[in-house]
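Remarks on the overall topology
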Amino acid sequence: MHVYHLKSDIVEIVSQSISKNKTIGIVPTMGALHQGHLSLVKKACAENDWVWVSVFVNPTQFDSPSDLLKYPQTLQEDIKKLQSISDAIRVFAPSVKEMYPKKVTAQSFQFDGLDTVMEGAFRKGHFNGVGTIVLELLSLFKAKRAYFGEKDFQQLQIIRKLSTQFLLSTDIIACAIEREPSGLAMSSRNVRLNYTLRQEAGFIFQTLLQIQKNFHDNSIDQHKKMMLDACSKHPDFDLEYFEIVDEETLQPVETNSSQKTLRAFVAIKVNEVRLIDNIRLN
Ligand code: PAF
């Protein structure tokens, strides 16, 4: 498997792929790959001639230095996992200096309010960091398609906005959430939970399913109470937010009779690990 560390290598290989008329698919990741990432990679392999996976723990999207330090870095294991899908996958694993040669700092973007709610409200500057690195990667790879998981649905909407604002030619492909047997949405952070908590965390998805099932029968406040009550039965789990929003604008709605497509989003902290999940409601 070819692993590259320099942007100059990418520029050269991308120009080869363009001259050979090969389509490029890219899966941007921060490594610590799990089945969720691998499902994105498999989809990219099925839909493109050449597939790249970027592995870069992007410092500017972490709002807490300790979260950045604790983020798992497992490049050799990641490479093995990718090899088990296809040896033809190319990996881009740059250093921080390569991606931020001058200063490790994020650009400021205007995301029309998509970035001020939920994750944006709880993680100051997070989406400027995501926007900075994703813009850099999409500009570098000039891919036909880029793949992102719906677990980070707010991020997905922001990347779509970024793509429109900067007239990027890459199609943004959304991929369904992969779940552990308990129902917990797969995330690189899950390894920081012990087996018991990981099992227990299944209640989050079970509650979202209940809310989805009864969506039209209960009010928004009743749904909020349902999530609050579920969390109160699991004392290790602290609810940060539960919101029902219009999935286009990500702004909260007050009634469940909206003509818009609505989605519930939740963030819960357990043992310093933040778990997020979401579900479409109508
Ligand atoms: O979703 C992630 O893993 C990251 O936010 C991304 C998109 C790779 C940017 O660093």
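Check the entry above for the structure.
All figures in this text were calculated on a predicted structure; none of them were measured in a lab.

Some details on the environment of Gly183
With respect to the helices and strands, the residue Gly183 is situated in the loop between strand S6 (171–175) and helix H9 (195–200). On a C-alpha basis, the gap between Gly183 and Arg198 in space is 9.5 Å, while along the polypeptide they are 15 residues apart.

A few points about the side chain of Thr60
Looking at the secondary structure, you find Thr60 in the loop between strand S3 (50–55) and helix H3 (65–70). Given the relative accessible area of 12%, Thr60 is considered buried. There is a polar contact of 2.7 Å between the side chain of Thr60 and the side chain of Tyr100. Residues in contact with Thr60, not counting those within four places in the same chain, are Tyr100, Val104, Thr105, Ala106, Gly125 and Gly129.

Brief notes about the environment of Pro252
Along the chain, the position of Pro252 falls in the loop between strand S7 (237–246) and strand S8 (262–270). A residue is classified by how much of its surface remains accessible, and Pro252, at 46% relative accessible area, is partly exposed. Placed eleven residues apart in sequence, Pro252 and Arg263 show a C-alpha to C-alpha distance of 9.5 Å. Excluding its chain neighbours within four sequence positions, the residues that come into contact with Pro252 are Glu243, Ile244 and Val245.

Description of the pattern of salt bridges
Taken as a whole and judged by the stated rule, the model has 17 salt bridges. Here Glu136 and Lys7 are joined by a salt bridge, their closest N and O atoms 3.1 Å apart. Here Glu136, found in helix H7 (residues 126–141), pairs with Lys7, found in helix H1 (residues 7–19); they are 129 residues apart in sequence, far enough to count as distant. Relative accessible area serves as the criterion here: at 29%, Glu136 is assigned to the partly exposed category. The closest approach of N and O atoms between Lys144 and Asp171, which form a salt bridge, is 3.1 Å. On the criterion of sequence distance, the pair formed by Lys144 in the loop between H7 and strand S5 (145–149) and Asp171 in strand S6 is long-range, its members being 27 residues apart. Relative accessible area serves as the criterion here: at 35%, Lys144 is assigned to the partly exposed category. Through salt bridges with shared partners, one network takes in Asp63, Glu119, Arg123, Glu240 and Arg274.

Calculation notes
Residues numbered from 1 in each chain as written. Predicted model: local features only at pLDDT ≥ 70, side-chain atom pairs only at ≥ 80, totals over all residues. Heavy atoms only, no water. Helix = DSSP H or I, 4+ residues; strand = E, 2+ residues; numbered from the N terminus. Buried < 20%, exposed > 50% of the residue type's maximum accessible area, 1.4 Å probe, protein only. Polar contact = N/O pair within 3.5 Å; in protein donor to acceptor, adjacent residues only side chain to side chain. Contact = heavy atoms within 4.5 Å. Salt bridge = Lys/Arg side-chain N within 4 Å of Asp/Glu carboxyl O.

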